[in-house]
Amino acid sequence: MASPMSLRSYKSMGPESQTQSSGGSMKNLNIQYVVQLTEVGEGLMAKMYRLNQILDHPDSINHVYSEAFWKAGVVPNFPKICTLVARRFPEHTGKLNLERVDKLAFDTLMDGAEGFLQNLEPWVQLLLDLMAFREQAVRLLLDISSTVITLLPHQNSFILHAFMDLFCSFVRVNLFAEKIPGKMMLQLYNLLHGILRNDRDCDFYHRPIHPYNGCDSLGYDDVSLLATVLPDVPVTNESIWPMEEGSNTKVQALLIALKNCRLVQFIDSYDPPVKGLQEDLNFVSPRIGEVLEAVGPVIFLSADTRKLRNEGFLSPYHPRYPDILTNSAHPMRAQDLASVTSYREWVLLGYLVCPDELLRVTSIDIALVVLKENLVLTLFRDEYILLHEEYQRYVLPRILESKKIAKAGRTKQKEADLDYSVAKQVEKMISEVHEQAFLCCDAIHHERRILLKQEIGRMVLFFTDQPSLLAPNIQMVFSALALAQSEVIWYFQHIGIMSSKSRVSNHVLPVEIDPTDPTIGFLLDGMDHLCCLVRKYIPAVRCYALSYLSSCAGRIRFLLGTPGMVALDLDASLKGNLQKIVQHLEKIPKPQGENISAITCDLTDFRKDWLSVLMTVTSSRSSINIRHLEKATVSTGKEGLLVEGNAAYNWSRCVDEIELQLVKHGSLKKLYFYHQHLTSPPARVPAMIRSSGLIRVRGGKAYNWVFSKWKLNTMFGPEGRPQHCCAWLGVASSFPECASHIVPEEVTKVGRDAVLYVESLIESIMGGLEGLINILDSEGGFGSLEMQLLPEQAAIYLNTSSRHSNLSSKSPRGLPGMPGQESYPENNSSVKMLEAAMQRLTNLCSVLNDMEPICVLNHVFVLREYMRECILGNFRRRLLSVLKTDNDLQRPSVLESLVRRQMSIIHLAEQHVSMDLTQGIREVLLAEVFAGPISSLHLFEKPANLNTGLATETICNWYLDHIVKDVSGAGVLYVPAHNCFRSTRPTGGYFAESVTDMKELQAFVHLFGSYGVDRLERMIKEHIAALLNCIGTSLRSNRDALEAMAGTLNSGDRIEADAYIKQIVDLDTVVEFCIQAGHALAFYRLISEAAGDVLKEDAPLIYSLLEGIVQHLPKEVPEKKDISRMKEVANGVGVGVANDHDSQFVRSIMEDVGVANDASWNWLPYLLSAFMSSSIWSTTAFNVDTGGFNNNIHCLARCINAVIAGNEYVRMEKENQVANGHVDETLESQMQNSLTAEASTKATLLLFVKMSTGLILDCWHETNRSDLAPQLIFMDQLCEISPYLPRSALEDCIPYSIIRSLYSQYYGSSPAIPLALRNMSPRSSPGVSLMHGSPALRQVRGEMAQSSGPGRDNSYDAESGSAQLNDKRYRNLRGSGPLEYTSSRKVKFSEGSASGSTGPSPLPRFAVSRSGPISYK
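A brief look at the structure comes next. None of the values given here were measured: they were computed from a predicted structure. (Residues numbered from 1 in each chain as written. Predicted model: local features only at pLDDT ≥ 70, side-chain atom pairs only at ≥ 80, totals over all residues. Heavy atoms only, no water.)

**Focus on the overall build of the chain**
(1) Moving on: Secondary structure summary: the chain contains 61 helices and 12 strands in total.
(2) Moving on: With 1417 residues in all, the chain has 53% of them scored as buried.
(3) Moving on: Long-range contacts, defined here as pairs at least 24 residues apart, represent 76% of the contacts in the chain between residues at least 6 apart.
(4) Moving on: Entry remark: accessible area of the chain is about 62400 Å², with carbon and sulfur atoms responsible for 53%. (Helix = DSSP H or I, 4+ residues; strand = E, 2+ residues; numbered from the N terminus. Buried < 20%, exposed > 50% of the residue type's maximum accessible area, 1.4 Å probe, protein only. Contact = heavy atoms within 4.5 Å. Areas by Shrake-Rupley, 256 points an atom, 1.4 Å probe, with all protein chains shown as cover.)

**Remarks on the pairing of strand β2 (residues 383–386)**
Across a regular strand the side chains alternate sides, sitting on one face of the sheet and then on the other.
(1) Moving on: In this structure, strand β1 (residues 376–380) lies alongside β2, joined through four bridges in antiparallel fashion. Within β2, the residue paired with Leu377 across the bridge is Ile385.
(2) Moving on: Hairpin connection, β1 to β2: the antiparallel pair is bridged by two residues, and Arg381 has positive phi, about 55 degrees. (Pairing = 2+ DSSP bridges.)

**Focus: helix α49 (residues 1121–1132)**
(1) Moving on: For α49, built from 12 residues, the straight-helix expectation of 16 Å at 1.5 Å per residue is met to within 8% by its first-to-last C-alpha distance of 16 Å.
(2) Moving on: Of the residues trailing α49, Gly1134 is marked for its positive phi of about 65 degrees. (Expected span 1.5 Å × (residues − 1).)

**Some words on the packing of α49 against helix α50 (residues 1141–1153)**
(1) Moving on: Viewed as axis vectors pointing N to C, α49 and α50 meet at an angle of 130 degrees, and their least axial separation amounts to 10 Å. Looking at the two axes, α49 sits oblique to α50. Crossing of α49 over α50 shows left-handed handedness. Taken together, the residues of α50 that come into contact with α49 (itself represented by Lys1127, Glu1128 and Asn1131) are His1141, Gln1144, Phe1145, Arg1147 and Ser1148.
(2) Moving on: Considering only residue class, the contact of α49 with α50 consists of one nonpolar, four polar and three charged. (Axes fitted to C-alpha atoms, helices over the stretch in contact; angles between N-to-C directions. Parallel < 35°, antiparallel > 145°, perpendicular 65-115°, else oblique. Left-handed = near helix turned anticlockwise from the far one by under 90°. Nonpolar A, V, L, I, M, F, W, Y, C, P; charged D, E, K, R; others polar.)

**Remarks on the side chain of Ser550**
(1) Moving on: By the secondary structure assignment, Ser550 is in helix α25 (residues 538–560).
(2) Moving on: A relative accessible area of 18% means that Ser550 is categorised as buried.
(3) Moving on: Sequence-distant contacts of Ser550, defined by excluding residues within four places in its chain, comprise Ile588 and Lys590.

**Section: the pattern of salt bridges**
(1) Moving on: Tallied over the entire structure, the rule returns 42 salt bridges.
(2) Moving on: In this structure, Lys103 and Asp107 form a salt bridge, with 2.7 Å as the shortest nitrogen-oxygen distance. Of this pair, Lys103 and Asp107 both sit in helix α6 (residues 103–111), four residues apart, which is roughly one turn of the helix.
(3) Moving on: The exposure class assigned to Lys103 is partly exposed, which follows from its relative accessible area of 45%. (Salt bridge = Lys/Arg side-chain N within 4 Å of Asp/Glu carboxyl O.)

**A closer look at helix α52 (residues 1194–1215)**
(1) Moving on: Its 22 residues give α52 an end-to-end C-alpha distance of 32 Å, which sits within 8% of 32 Å, the value for a rise of 1.5 Å per residue.
(2) Moving on: The buried fraction of α52 amounts to 20 of the 22 residues, a majority that puts the element mostly inside the structure.

**Quick word on the state of the cysteines**
(1) Moving on: According to the stated counting rule, one finds zero disulfides in the structure shown.
(2) Moving on: Free of any disulfide, Cys1293 has its nearest cysteine sulfur in Cys1279, 8.4 Å distant.
(3) Moving on: Judged by relative accessible area, Cys1293 falls into the buried class, the value being 1%. (Disulfide = S-S within 2.5 Å.)

Now the structure itself:
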């Protein structure tokens, strides 16, 4: 705590030292001293407020202190001793026997007396400051009251306001002093001082004190007492102070006696403070009564809302004459209405401390109007006392006493009868007004707030449209701002106040005030707009004021030259001041041209000189007073000199002090002391009070806690306006002005609180903005608009309504479920809700966009940026939240619709803001889907510190785990017939077909784009690469067995070949790995097709460009990097290389990972052919509905085709490298290498087919025929999907009539019944027929390679083209089976069958259809 403010400067600025002579020895008043003393009172209250906070708001009257009071460190923590000395005040502490009260505490007090004394010293010094302030204020008030001739508002408003401000400050300081434990502190300080000074009391307790801090004057009570005791001695301040040698010892002795116990008497005389104030201010009471009577008409006008509205006191145009745009009917009333808040405070405080003035006839109505509107009397900031309790406790007894005196004198004089009647009316008024105020004060102020809401709204619209009329009506604008300011502050001062209804009732109730009143929001918003208009047009107001002052100079000079003024005998000082005023006005620059805003003019000297004139002519000691000036100038028929001067004074403030006036009338900085209500009630508040949500308890006092409810209602309530919340932000910039520099720590605290307040309020507003967006984004919002009837459903509803209709019903409107019924007025509540939410969202966005930056100390808050971050942050959170449902991942199509719905809401808001939110959406989507550079498009490496999108990672991991890997064991299978995946049970929260449908995958591509596709591709690559490594491991570990197996197959020793096949380790496991690889390839192909469809739809030019380029890319081995990248891009979107999609993908994996680098991969076809001996075929069954097998083994064919093709390409690329490590880059060699790679792939696949069919037929016997049909269909599917194998490749090994018969049997039987071959005789065994019909399998691999010449290649190309052409046709147009045969194909089949079989045809043995085997003509 800083040291108390010294009053030593009072001597230098006292009346004696700053007087101005006006002809002789007369002394005039210095108004500056009055203002400074008022500021001293504000500083003292700031200190007491701080002390009250430190001590946790003690109840010094009832001696109730909290635990925090004793731990504050101001008074010793000895409750018994401290409470006793306070209760027994002013009894001396030496007579209290404190040792008997608490011996241990007293001993501790004596041991630590030095520290306790230091803690108390600054606060006891505050008591001395209060005493000195009382002496100076009382003296000055008496001086003004006795010397100023008139204190009427229309004649001497400046001195009147200074006088009443000092008066109110003096009253508040002493009323506030009751809230601090002054008795306890003084008693303890004197006790500790005696302990340290051998029982000697402190100087200001029982010893004469020297003038404290230069206070060399006495109070008027002391002077009067001395004059009474010593009538023969001239007693004045000059004759007593300073004490010099040789002074009157008798006076000094008596003065010392008076000074003894000075501070004790001061505190005791103000216990209670109202009685002390009534005694001290008794001598100024008549002047206070005159002032209150003078301001009564303005108070009556401000309370009459009907008159204010009808007469247009707050309208820029006359309500009865709309053609008159400027309101020139009430220029002075507008200025008076700006001060009506001060007038009400004067009435409340004046009649409280000057109760005798209530006995005036007109005072009853004035007091009734003001008392009926208020329940509390604000002392300082948020400290208050209960108004009506104080009046009933201290005013009513004085009125009863006056009534008793008047009653006793009624028989003697007639005036007593009137006094008695008035006293009786006052008694009745005070007794009844409390209950009236409790019941109707909120209604009165609510009506006034509605009036101000309407008038300020009209002002904003009018002055926005007609800004040139703002300057002439600036005083009216200030009045409207002042009234609105008063109403807003009154609202927060009174809401939640606990008070009894009447004088006799002890039941305390909260005041019934709506904590969610929407008019407060309108006032805040209107004040903010009005202040912005004034600030915008300050140059225009300044220009108008300068023009007025220029014209006023001529009028004042004319008045000074009138005969009446010439006849007055003005002294030189007054005449000089008047001439200075004219000179000041004539020196004012003329506003010309376009540089009006650059004009600077300081009129401080003009205002000082005019105040000097006023102080001279209003002084009773002056020879020329205000009445003389009025008589000398009013006779001209124009405004008098004083009227012109006062008007010039007011307009001069619009030149260089307009910002100060705007702050005075429009600032809501006092709301800082209610900003804590943003938080919830403390835990120590009783549960009943805390649950009510109306009050907040602080140190035993109830304060309103309404901001959170008010903001919630403003944002979402039925009468709320979201933009009203933003008006609170403009208030925060003025919060630091609430800090008092007398208390240094308060400056830091208030600044920090203001910043936190803005941050919390912005957070709340942004939360409301998110709430509005989420309301629209909910299923009851825009989601309800997506629920539309299908045509079939509408037809059903219409048919139902027509069946239920009868002749009496004219329309089916009342029937439930009718299409369009939701559009009827009685059913459009949801539509109204949507409209309201949309309107509030757009209004809020518009207001946030137009708001100026909020500056609080060195912090700048730009609301537009907060709004942008809020909208985009909410979009990001919404995107991540809808990724998953309660069960599992959200379906991509649903996710896309939700994201598009959110984007449509953001686009709606974007139309009302001046920023590109669409670009922000793109940035958010890019940030969430970015998973690193696209491998086929971007050449840069991913930085180590680059974050990837969480959304992409989440959904890609889900697809990889639940569809590709099937970690949940849901039985996910690829369905070739429908080109999707299915599962036997839900994988996660969905069945596989609901998330792998082409529409779902297209939605995935729409959402996550090429980054999502590339991330999923890389994940699948890693998965397949791991599986290929497992295949490579199996090849290396089983190389010997495979080499031996190849030899036995070539030699035709089937028995030995079976033995070597059985030596292959983990054959079934490798089969599962290959099935998984094929499964992953099938899923990647679906993703590529979906990406291609999206690209073709959204970017058809790029799609057609890729499609055209791919057809002309050269086939080279090895490929150039650019060509390889181009193929990867095309392969990623399924363009041009659809038939070779899987092999291209696997080839890129092998090249990237380095698979197939050793010679063991040469034995790959033998390992793959060994799969025909796996036990997996025993559980394999073909399903005609899916076009695949029950255990997903059809994916094995896709894997075999892709792995063999990729392996052959990688092998040929290595073999074609030159010995020195360089690659032959000639075009002819590259083309030849490409043809060689294709031929090698064809040869390897043919080798696999022949070896596999041989193993299939060799393994078949009478007791195990169930595996044959799935294996044959598997081989047929391999030839169907492989671009390297023609149909004739399988026909060379197996007559195709047998395969067709198998399909006929499957498609003719129930799909649920697995196919079982009938028993046949050994003589007609299909195996024998097939073995005789199949070509020899003894050719080695090299012979096969040599046999594939150019002619074979050309024929293969033709067949391949045919197969490629039929590939899509077979998938899309198949009706009864997987094949469609032409006449040429039929002939070829029949020929192969006739030439390959010896004996009866095996077809009847396989045929189970009713029509039997198909015969060809």
